[in-house]
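For reference, the chains in residue letters:
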Amino acid sequence: MYPSRIQNLINEFSRFPTIGPKTAERFIFYLLKKSPQDLERLSEMIKNLKTISFCPQCGNFAESNRCTICVDKRRDQTTICVVAEPQDLMAIEKTNDYRGLYHILGGVINAPQGLGPEQLQINQLLARIKKNNVREIILALNPDLEGETTLLYLINLLKSNPTFSWIKISRLARGLPMGSDLEYADEITLSNAIKRREII
Ligand SMILES: [Zn+2]
């Protein structure tokens, strides 16, 4: 057993996604070789994460009120790309092929995990569409069971409401492998999926 100060940190790092105890140990040994200044800087950066908030309009990470994407007037304000998590937004931004706005649902419908539509930012999305002059909604969800379920739910919701009948609804072109994650998709594949999006 390591001294508790080391062991506690190993336990903490082991809880990180994809990190097992062995990798967590390696992180700690790496940190133990760092200077006190470096450790101070790192802990300061972690502490500063507390001040990150979420954009009240789209749900993206923000350092002040609205995020940098929502305040950018050069972006197409009439198109909203709906994604599950901020990481998906980042992946699409990296393609440099999308110049509209986003809406982050904060997850996907996942019944076994008790996540239903009411836990997602769907009402906020509908309110946004009603309030602004939105012309197109691009549904960019992971090509897996939960993503598809959420996508079908949203299509149904939008199509069944006459208020939204004039809005173009599209989904990413098929081409991303089933079960894959937008976050890890290569830029060319993702870029093509957006450019060749399918109107529903
Ligand atoms: Zn925003």
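Calculation notes
- Residue indices begin from 1 for each chain and proceed along its sequence in written order.
- Only residues with pLDDT of at least 70 are given local features in this predicted model, and only at 80 or more are side-chain atom pairs given and counted; all residues enter the totals for whole chains, interfaces and linings.
- With hydrogens and water excluded, all non-hydrogen atoms of the structure serve as input to the side-chain values.
- Residues are said to line a cavity or pocket when one of their atoms sits within 4 Å of a point; the points come from a 1 Å grid over protein atoms alone, cavities being sets where a 1.4 Å probe fits but cannot get out and pockets being open sets with protein on both sides within 12 Å along at least five of seven lines.
- Grid points are joined across faces, edges and corners, and a volume is the space filled by probe spheres set on the points.
- Each helix is a run of H or I in the DSSP string that is no shorter than four residues. Each strand is a run of E no shorter than two, and both are numbered from the N terminus.
- For this classification, Asp, Glu, Lys and Arg are treated as charged, while Ala, Val, Leu, Ile, Met, Phe, Trp, Tyr, Cys and Pro are nonpolar and the rest, including Gly, are polar.
- By definition, residues are in contact when any of their heavy atoms lie within 4.5 Å.
- For this analysis, a salt bridge means a side-chain nitrogen from Lys or Arg found within 4 Å of a carboxyl oxygen belonging to Asp or Glu.
- Type-normalised accessible area, obtained with a 1.4 Å probe on protein chains alone, sets the label of each residue: buried when under 20%, exposed when over 50%, and partly exposed for intermediate values.

A. The arrangement of the layout of surface pockets in detail. When its volume is computed, the largest pocket comes out at roughly 300 Å³. Every residue along the wall of the largest pocket is listed here: Arg5, Ile6, Leu9, Phe13, Phe16, Ile28, Leu31, Leu32, Leu39, Leu42, Ser43 and Ile46. Secondary structure elements with two or more residues in the lining of the largest pocket: helix H1 (4-14), helix H2 (21-32) and helix H3 (36-48). Across the lining of the largest pocket, the residue classes tally to ten nonpolar, one polar and one charged. When residues of the lining of the second largest pocket are traced back to their parent elements, those giving at least two are helix H4 (86-95) and helix H6 (145-159). Residues belonging to the lining of the second largest pocket are distributed by class as follows: two nonpolar, four polar and six charged.

B. Quick peek at the environment of Arg135. Within the secondary structure, Arg135 is located in the loop between helix H5 (122-131) and strand S5 (136-139). For Arg135 and Ile167, which are 32 residues apart along the polypeptide, the C-alpha to C-alpha distance reads 5.1 Å. Contact partners of Arg135, with chain neighbours within four places excluded, come to Thr78, Ile167 and Lys168.

C. Seen up close, the pattern of salt bridges. This structure, assessed with the given rule, holds eleven salt bridges. Lys47 is the partner of Glu44 in a salt bridge, and the nearest nitrogen-oxygen pair spans 3.7 Å. Of this pair, Glu44 and Lys47 both sit in helix H3, three residues apart, which is roughly one turn of the helix. The class for Lys47 is partly exposed, based on a relative accessible area of 44%. Measuring nitrogen to oxygen at the nearest pair gives 3.9 Å for the salt bridge that ties Asp72 to Arg99. You can see Asp72 sitting in the loop between strand S2 (61-62) and strand S3 (76-83) and its partner Arg99 sitting in the loop between H4 and strand S4 (100-104), a full 27 residues away along the chain.

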